[in-house]
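Descriptive analysis of the structure
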Amino acid sequence: MKKQQTGFTLIELVMVIVILGILAATALPKFVNLSTNANKSVLEGVEGSMRAANTMIYAVAAQTAGALGAGPTNVTVGGATVSVVYGYAADATNLSKAMDLSPLTNFTVGTTTIQLANATTPASCQVTYTAATSTATPTYNEANTGC
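Structure report, in brief. Each chain carries its own residue numbering, running from 1 in the written order of its sequence. Owing to the predicted nature of the model, reporting of local features is limited to residues with pLDDT of at least 70; listing and counting of side-chain atom pairs is limited to 80 or more, with chain, interface and lining totals taken over all residues. Hydrogens and water molecules were not included; the side-chain quantities draw on all heavy atoms of the structure.

Our focus in this paragraph is the side chain of Ser96. Here Ser96 is to be found in helix α3 (residues 92-96). Type-normalised accessible area, obtained with a 1.4 Å probe on protein chains alone, sets the label of each residue: buried when under 20%, exposed when over 50%, and partly exposed for intermediate values. When its relative accessible area of 15% is taken as the criterion, Ser96 is described as buried. Contacts of Ser96, omitting those with residues within four sequence positions, involve Leu101, Val109 and Ile114. Strands are runs of DSSP state E lasting at least 2 residues, helices are runs of H or I lasting at least 4, and numbering of each runs from the N terminus. Every residue pair with non-hydrogen atoms within 4.5 Å of one another is taken to be in contact.

Further remarks concern the sheet that holds strand β6 (residues 126-130). A sheet is described by the order of its strands in space; here four strands give the open sequence β4-β5-β6-β7, paired in antiparallel fashion. Here the strands that pair on one side only, and so sit at the sheet edges, are β4 (107-109) and β7 (139-143). Along the sheet, successive strands turn relative to each other by an average axial angle of 15°, direction set aside. Two strands qualify as a pair provided DSSP detects at least 2 bridges between them. In this sheet, β6 lies alongside strand β5 (residues 113-116) in antiparallel orientation, the contact comprising three bridges. If you follow Gln115 over to β6, its bridge partner there is Gln126. Axes here refer to lines fitted to C-alpha atoms; in helices the fit is confined to the stretch in contact. Angles between the N-to-C directions go from 0 to 180 degrees.

Turning our eyes to something else, we now look at the pattern of salt bridges. A pair is scored as a salt bridge if a Lys or Arg side-chain nitrogen falls within 4 Å of a carboxyl oxygen belonging to Asp or Glu. Enumeration over the complete set of coordinates arrives at one salt bridge. Residues Glu47 and Arg51 are paired through a salt bridge, measuring 2.9 Å at the closest nitrogen-oxygen approach. Residue Glu47 and its partner Arg51 are both found in helix α2 (residues 34-63); the two are separated by four residues, about one turn of the helix. Taking the relative accessible area as the measure of exposure, Arg51 reaches 41% and is therefore partly exposed.

The next point concerns the pairing of strand β1 (residues 73-77). Examined bridge by bridge, β1 and strand β2 (residues 80-85) share five bridges and lie antiparallel to one another. Residue pairing across strands places Thr73 opposite Val84, the latter belonging to β2. Hairpin connection, β1 to β2: the antiparallel pair is bridged by two residues, and Gly78 has positive phi, about 60°.

For any pair of aromatic rings, the description consists of the separation of the ring centres together with the inter-plane angle of the planes. Between rings of Phe, Tyr and Trp, where Trp is taken as its six-membered ring, a pair exists when centres lie within 6.5 Å; planes separated by under 30 degrees are stacked, by over 60 edge-to-face, and by other angles tilted. In total, this model carries two aromatic pairs according to the counting rule given. Measuring from ring centre to ring centre gives 5.6 Å for Tyr129 and Tyr140, while their planes differ by 45°; the resulting arrangement is tilted. Placement of the pair is Tyr129 in strand β6 and Tyr140 in strand β7, with a sequence separation of 11 residues.

On to α2. Relative to the 44 Å expected for 30 residues at 1.5 Å per residue, α2 spans 44 Å between its end C-alpha atoms, a close match to the ideal helical length. Buried within α2 we find Asn39, Leu43, Val46, Glu47, Met50, Ala53, Asn54, Ile57 and Ala61. Expected helix span is given by 1.5 Å per residue-to-residue step, counting one fewer step than there are residues.

Now the structure itself:
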């Protein structure tokens, strides 16, 4: 009687391993840069949240007598007292009071900036807030080169 061969030959196994290696080498660059892209996306979300929170602050200030002037004037937004100038948050610290930065430990909030604390270079992964003036609305400048 003739015996039938079962299983795979060594050549077949080596070829499968080589093919898997090629696939892994092709897919690896897609996953290496995920944290940078994620940090940039978080930063874009923070900027959007800053804009939305400031719109909400302005709406509350518009209902409060004297809050649309040169100020600073305090208004209550979501249970937090926010200092406003020309109806908008006076600085990034006051603006962050109306935002939901969660978890807060991932962010560093200064008077003019909100930085992503776990970024490669936090000073280059931030949104800079410039308060409103009598002639201009607030500005938000995103720097994401160090994310």
